[in-house]
Amino acid sequence: MPFGLSNRVKEIAPSPTLAIDTKTKQMIAEGVDVINLSVGEPDFNTPKPACDAAVEAIYCGFTKYTAVPGIVELRKAIAEKLERENGVTYSPDEIIVSSGGKHSLYNIFVAIINPGDEVIVPAPYWVSYPEMIRLVGGVPVIVETDESTGFKVTPEMLSAAITEKTKALVLNTPSNPTGAVYSPDEIRALAKVIEQHEFYVISDEIYEKLLYDAEHLSSAAVSEGMKKRTLLVNGFSKAFSMTGWRMGYVAGDRAIIKAMTSFQSQTTSNPVSISQKAAIAALNSFDPEMVTEFRRRRDFVLRRLEEMPLIRCIEPQGAFYAFPNIADILGKSYNGQTIDSSDTLAELLLTESKIALVPGSGFGAPNNIRISYATSMANLEKAMDRLESFLKNVR
Ligand SMILES: Cc1ncc(COP(=O)(O)O)c(C=O)c1O
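Residues numbered from 1 in each chain as written. Predicted model: local features only at pLDDT ≥ 70, side-chain atom pairs only at ≥ 80, totals over all residues. Heavy atoms only, no water.

## Here's the deal with the overall build of the protein chain
So, step 1. In terms of regular secondary structure, the protein chain is built from 14 helices and 14 strands.
So, step 2. Relative to its length of 395 residues, the protein chain is compact, with a C-alpha radius of gyration of 21 Å against a globular reference of 21 Å.
So, step 3. Dimensions of the protein chain, computed from C-alpha atoms along their principal axes, come out at roughly 60 × 55 × 55 Å.
So, step 4. Each of the 395 residues in the protein chain was classed as buried or not, and the buried ones make up 56%.
So, step 5. Within the protein chain, contacts between residues separated by at least 24 positions form 74% of all contacts whose residues are at least 6 apart in sequence.
So, step 6. Carbon together with sulfur atoms contributes 52% to the accessible area of the protein chain, which is approximately 16,800 Å² in total.
So, step 7. Both charge centroids of the protein chain, one from 40 positive and one from 48 negative side chains, sit 4 Å from each other. (Helix = DSSP H or I, 4+ residues; strand = E, 2+ residues; numbered from the N terminus. Rg over C-alpha atoms; globule rule 2.2 N^0.38 Å. Buried < 20%, exposed > 50% of the residue type's maximum accessible area, 1.4 Å probe, protein only. Contact = heavy atoms within 4.5 Å. Areas by Shrake-Rupley, 256 points an atom, 1.4 Å probe, with all protein chains shown as cover. Lys, Arg positive; Asp, Glu negative; His and termini not counted. Charge placed at Lys NZ, Arg CZ, Asp CG, Glu CD.)

## Here's the deal with the site of the ligand
So, step 1. Near the ligand you find 13 residues, and of these Gly101, Asp204, Ser237, Lys238 and Arg246 are the closest.
So, step 2. One of the side-chain N or O atoms of Asn176 is found 2.8 Å from an oxygen atom in the ligand.
So, step 3. Here the residues of the shell around the ligand are counted per class, giving four nonpolar, five polar and four charged. (Near = heavy atom within 4 Å. Polar contact = N/O pair within 3.5 Å; in protein donor to acceptor, adjacent residues only side chain to side chain. Nonpolar A, V, L, I, M, F, W, Y, C, P; charged D, E, K, R; others polar.)

## Structural notes on the sheet that holds strand 13 (residues 358–359)
So, step 1. Strand order in this open sheet of three strands is 9-14-13, and the pairing throughout is antiparallel. Two strands lie at the open edges of the sheet, namely strand 9 (321–322) and strand 13, each paired on one side alone.
So, step 2. Bridge count between strand 13 and strand 14 (residues 369–372): two bridges; the pairing is antiparallel. Bridge pairing links Pro359 to Ile369 in strand 14. (Pairing = 2+ DSSP bridges.)

## Quick word on the domain arrangement of the protein chain
So, step 1. For the protein chain, the domain assignment lists domain 1 (7–45 + 288–392) and domain 2 (48–282).
So, step 2. Relative to domain 2, the C-alpha centre of domain 1 lies at a distance of 26 Å.
So, step 3. At the interface, 34 residues of domain 1 touch 30 residues of domain 2.
So, step 4. A buried area of about 2,700 Å², summed over both sides, lies between domain 1 and domain 2, and 57% of it is on carbon and sulfur atoms. (Domains from an automatic or database assignment. Buried area = accessible area lost by both parts, 1.4 Å probe.)

## Remarks on the packing of helix 5 (residues 101–112) against helix 10 (residues 254–267)
So, step 1. Where helix 5 meets helix 10, the closest approach of the two axes is 9 Å, and the angle between their N-to-C directions is 110°. With respect to each other, helix 5 and helix 10 are oriented roughly perpendicular. Only Ile256, Ala259, Met260, Phe263 and Gln264 of helix 10 make contact with helix 5, whose side of the interface consists of His103, Ser104, Tyr106, Asn107, Ile108, Val110, Ala111 and Ile112.
So, step 2. Residue classes in the contact of helix 5 with helix 10 are distributed as nine nonpolar, four polar and no charged. (Axes fitted to C-alpha atoms, helices over the stretch in contact; angles between N-to-C directions. Parallel < 35°, antiparallel > 145°, perpendicular 65-115°, else oblique.)

So this is what it looks like as structure tokens:
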């Protein structure tokens, strides 16, 4: 390293999910039979109308710069979707499209956080929130939750975390990594607390369509007061199996969208033109079969976990993750090696049992591990057999 790195970048922890995924893919490339339960992407194809629209865009020469926040046609289509499915009204200039939900979130933090501002992040959290907040000089205020509240913050827990420095709350429902879904009543109860204060709600709704016996209510739809405070984040990666197309968006206050657009204009410019055309077609191509299949897999994984020793798992109501508790395993050993953390457990499962899953530590939940069931039933069956025989050998 000839001339050193910036202090800012030195402090970033790399994404643990992507690190495991990379290691797993390397093992698979070397011919090792690893089952990958670490990925956060659906194993379905992008809907055909989206692919067709992209091909047409390429051949029609729609391959140049577009308006920075995305073409009006796409922002109108998103506004219609938000009205139709979420019951909230936005105009196209209250929407900005970026290169994936992750990019949307980072742009929000840049636009609203000053150094020292606090952002309340309920744990277990998606790995990138605290890192992004720190990157822009903000202070993540972690509110721990566990199985006793279904991994959800209660109004009391939220109240206790609010200070005069609070600038925003991150609310992710359905949740990665827990699969928890706030019911409409729970969202309304949190809104009662939030409406007494002046801070933003960054509402990450990227898994909103992947629900099992649960209902999704956007914070923005609760009241005018909540709409004013909410920056609604969504994207195409999960519901439309479009992780590689990099399409995410934010709807919210016009002035913030304008500020985000200025920032985006000086950093990444418009999101990919071809992906924008695909996204318009995708909005009307959601396949409910995906939910049926994920539910089947979720039920299977839960049933198998229930039969295993030393592990317990609450029922996820959304997304495609199970988040079992492994506290009873910690301190025990496998083949003479002490399992002192969820990281050691994940490492052993990868090297000894050839199952890749993500330790809870990166999600602020050291007593849990994340299993993604976005893989085939055949893989899940094999993986659950391997996990069970591993656990039977933990002493
Ligand atoms: C909770 C959550 N938010 C946002 C994202 C960002 O997704 P993308 O950048 O692919 O749109 C992810 C992806 O894993 C996620 O799990």
